[in-house]
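# An overview of the molecular structure
These are the residues of each chain, in order.
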Amino acid sequence: KPAPDTLRPLRLRSKTRDLVFLSEPQTLEEFAFCNTAGFSSRSDRTLKFEVPAKKADDAKDFSGFAMWTRLVVDEDNVVDVKTQKVTSHWAYVLALMADKPVAMKAPGSLELKASVEYDAKPVRYTLETEVPV
């Protein structure tokens, strides 16, 4: 359940055409299922996304950050929602950053400050950004 005065994330099918990616993807979370040694109960990360001039029209409707699963089983087996050829139960999660799309300036950059609290029940994600206009 989202905290008061925050927006619920939006889930989109893995083969949706409703997303336009403004920048190259980056890793928000990374962990090993079999190796919990040194695992922290909290993760803080800042990611910077560069939005090129060729995305200026799409940047006029910035809504949030898309997240998806990329599961590396071994060297030969990777499950990646973004590159799947067929629809699956894996979904994109769109973290909406405002109640309406925001027109951002491109070229430009977006900085995402992310905190993940793994010891919270359920796990708590806090995402913050300032959109350059």
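As a reminder, the structure under discussion sits directly above these lines.
This section reports on the structure supplied with the text.

### Focus: a nonpolar patch on the surface
On the surface, F31, F33 and F39 cluster together into a nonpolar patch covering about 350 Å² of accessible area. Given a relative accessible area of 41%, F31 falls into the partly exposed group.

### Concerning the pattern of salt bridges
Under the criterion given, the structure shown has six salt bridges. For D80, the salt bridge goes to R70, with nearest N and O atoms at 3.4 Å. Residue D80 is located in strand β5 (residues 78-80), and its partner R70 is located in strand β4 (residues 70-72); the two are separated by 10 residues in the primary sequence. Residue classification places R70 among the exposed positions, given a relative accessible area of 54%.

### Observations concerning the sheet that holds strand β3 (residues 64-67)
Judged by pairing direction, the sheet is antiparallel, and its three strands sit side by side in the order β1-β6-β3 without closing on themselves. Edge strands, defined here as strands with exactly one partner in the open sheet, are β1 (10-13) and β3. Averaged over neighbouring strand pairs, the angle between their axes works out to 25° when direction is ignored. Note that β3 and strand β6 (residues 91-96) share four bridges and pair antiparallel. Each bridged residue has a counterpart across the sheet, and for A66 the counterpart in β6 is L94.

### Considerations on the environment of M97
Along the polypeptide, M97 turns up in the loop between β6 and β7 (108-117). Judged by its relative accessible area of 24%, M97 falls in the partly exposed class. C-alpha separation for the pair M97 and F62, spaced 35 residues apart in sequence, amounts to 8.7 Å. Excluding anything up to four places from it in sequence, M97 contacts L7, F62, S63, G64, F65, L127, E128 and T129.

### Considerations on the sheet that holds strand β2 (residues 42-51)
With antiparallel pairing, the three strands of this open sheet are ordered in space as β2-β7-β8. For this open sheet the edge positions go to β2 and β8 (124-128), each flanked by a neighbour on one side alone. Within this sheet the neighbouring strands show an average axis-to-axis angle of 20°, counted without direction.

Conventions we followed
- Residues numbered from 1 in each chain as written.
- Predicted model: local features only at pLDDT ≥ 70, side-chain atom pairs only at ≥ 80, totals over all residues.
- Heavy atoms only, no water.
- Patch = residues over 30% accessible without salt bridge, like charges linked within 9 Å, V, L, I, M, F, W, Y side chains within 5 Å.
- Areas by Shrake-Rupley, 256 points an atom, 1.4 Å probe, with all protein chains shown as cover.
- Salt bridge = Lys/Arg side-chain N within 4 Å of Asp/Glu carboxyl O.
- Buried < 20%, exposed > 50% of the residue type's maximum accessible area, 1.4 Å probe, protein only.
- Helix = DSSP H or I, 4+ residues; strand = E, 2+ residues; numbered from the N terminus.
- Pairing = 2+ DSSP bridges.
- Axes fitted to C-alpha atoms, helices over the stretch in contact; angles between N-to-C directions.
- Contact = heavy atoms within 4.5 Å.

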